[in-house]
Amino acid sequence: MFPIVQMWPGSYCDSKQGCCYPRTGKPASDFSIHGLWPNYDDGSYPSNCDPEAQFNPSQISDLTSRMQKDWPSLSCPSSDGLSFWSHEWEKHGTCSESILDQHDYFASALLLKRQSNLLQILKNAGIQPNGQYYSLEGIKAAIRGGIGYTPYIECNVDPSGNSQLYQIYVCVDTSGSNLIECPVLPRGKCGSRIEFPSF
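Analysis parameters
- Residues numbered from 1 in each chain as written.
- Predicted model: local features only at pLDDT ≥ 70, side-chain atom pairs only at ≥ 80, totals over all residues.
- Heavy atoms only, no water.
- Helix = DSSP H or I, 4+ residues; strand = E, 2+ residues; numbered from the N terminus.
- Rg over C-alpha atoms; globule rule 2.2 N^0.38 Å.
- Buried < 20%, exposed > 50% of the residue type's maximum accessible area, 1.4 Å probe, protein only.
- Salt bridge = Lys/Arg side-chain N within 4 Å of Asp/Glu carboxyl O.
- Contact = heavy atoms within 4.5 Å.
- 1 Å grid on protein atoms, 1.4 Å probe; cavity = no way out; pocket = protein on both sides within 12 Å on 5 of 7 lines; lining within 4 Å.
- Points joined across faces, edges and corners; volume = space filled by probe spheres on them.
- Pairing = 2+ DSSP bridges.
- Lys, Arg positive; Asp, Glu negative; His and termini not counted.
- Polar contact = N/O pair within 3.5 Å; in protein donor to acceptor, adjacent residues only side chain to side chain.

An unreviewed UniProt entry annotates the protein as Extracellular ribonuclease LE-like isoform X2 of Coffea arabica.

Shown next as structure tokens:
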């Protein structure tokens, strides 16, 4: 299985380490891709599977503008995203090479993000990124209702120690194209009510 992990930029930035907007400017107020991570069914995962398969930006040149929008890097210092994408390909993508080549790996993640449309699903359920607190179960139920599968929610904490919606994991089959129920969900550290900060 391949969890696709989508991050809420407001929670990444509202933390002790802070963030830096990419060189292209502040990203849209939407979930962004963190990665597509091949996992074993027990939840463990391989990494760095093919040191020979270096990231090659020319292989994804037709995807670059979409990746800057949907897969931006918020780490400091500001960047064009290439080192982030390179890290994701070399650590995780190389472990899917038998199914997805470098172009397909990134194209699949972009398509899955569009298909799941997490922010719209949450907004439809009245869950808005406005700094309010929402029930963890309500967030899960909204996403399950929207995509048909149970997500895993990861929280982080803001500088005051409040639990906030950080990342949403949804599982994908080994073809990298269809959402599925996750065989195993990690144990989380979210409170029962979590903040959904603005961005």
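(A) Seen up close, the overall build of the protein. Along the protein, the regular secondary structure elements total six helices and seven strands. Against the globule reference of 16 Å for 199 residues, the protein gives a C-alpha radius of gyration of 16 Å, in line with a compact fold. In terms of principal-axis extent, the alpha carbons of the protein reach across some 45 × 35 × 25 Å. Burial status across the protein gives 49% buried among its 199 residues.

(B) Examining the pattern of salt bridges more closely. Applying the stated criterion across every chain yields a total of five salt bridges. Its salt-bridge partner being D70, residue R114 comes within 2.9 Å of it at the nearest N-O pair. Residue R114 is found in helix α4 (residues 102-116), and its partner D70 is found in helix α2 (residues 64-70); the two are separated by 44 residues along the sequence.

(C) Expanded view of the side chain of H92. By secondary structure assignment, the location of H92 is in the loop between α3 (82-91) and α4. Given a relative accessible area of 4%, H92 falls into the buried group. Ignoring sequence-local partners within four residues, the contact set of H92 consists of L36, W37, P38, Y45, H87 and Y105.

(D) Structural detail: the layout of surface pockets. Volume-wise, the largest pocket comes out at about 300 Å³. Along its surface, the largest pocket is lined by 19 residues, and W37, N39, Y45, Y169 and P186 are the ones closest to its centre. Elements represented by at least two residues in the lining of the largest pocket include exactly α3 and β5 (163-172).

(E) Representation of the pairing of β5. For β5, the buried fraction is high: 10 of the 10 residues fall into the buried class. For strand β4 (residues 152-157) and β5, the ladder comprises six bridges, and the chain directions are antiparallel. Within β5, the position partnered with E154 by the bridge is Q167. The hairpin turn running from β4 into β5, its antiparallel successor, is five residues long, and G161 in that turn takes a positive phi close to 90 degrees. In this structure, β5 lies alongside strand β6 (residues 179-180), joined through two bridges in antiparallel fashion. Residue pairing in the sheet places C171 in a bridge with I180 of β6.

(F) Structural context of the side chain of D173. On the secondary structure map, D173 appears in the loop between β5 and β6. Despite being buried, D173 has no salt bridge partner; R66 is the closest side chain of opposite charge, sitting 16 Å away. For D173, the side chain forms a polar contact with the main-chain nitrogen of S177, separated by 3.4 Å.

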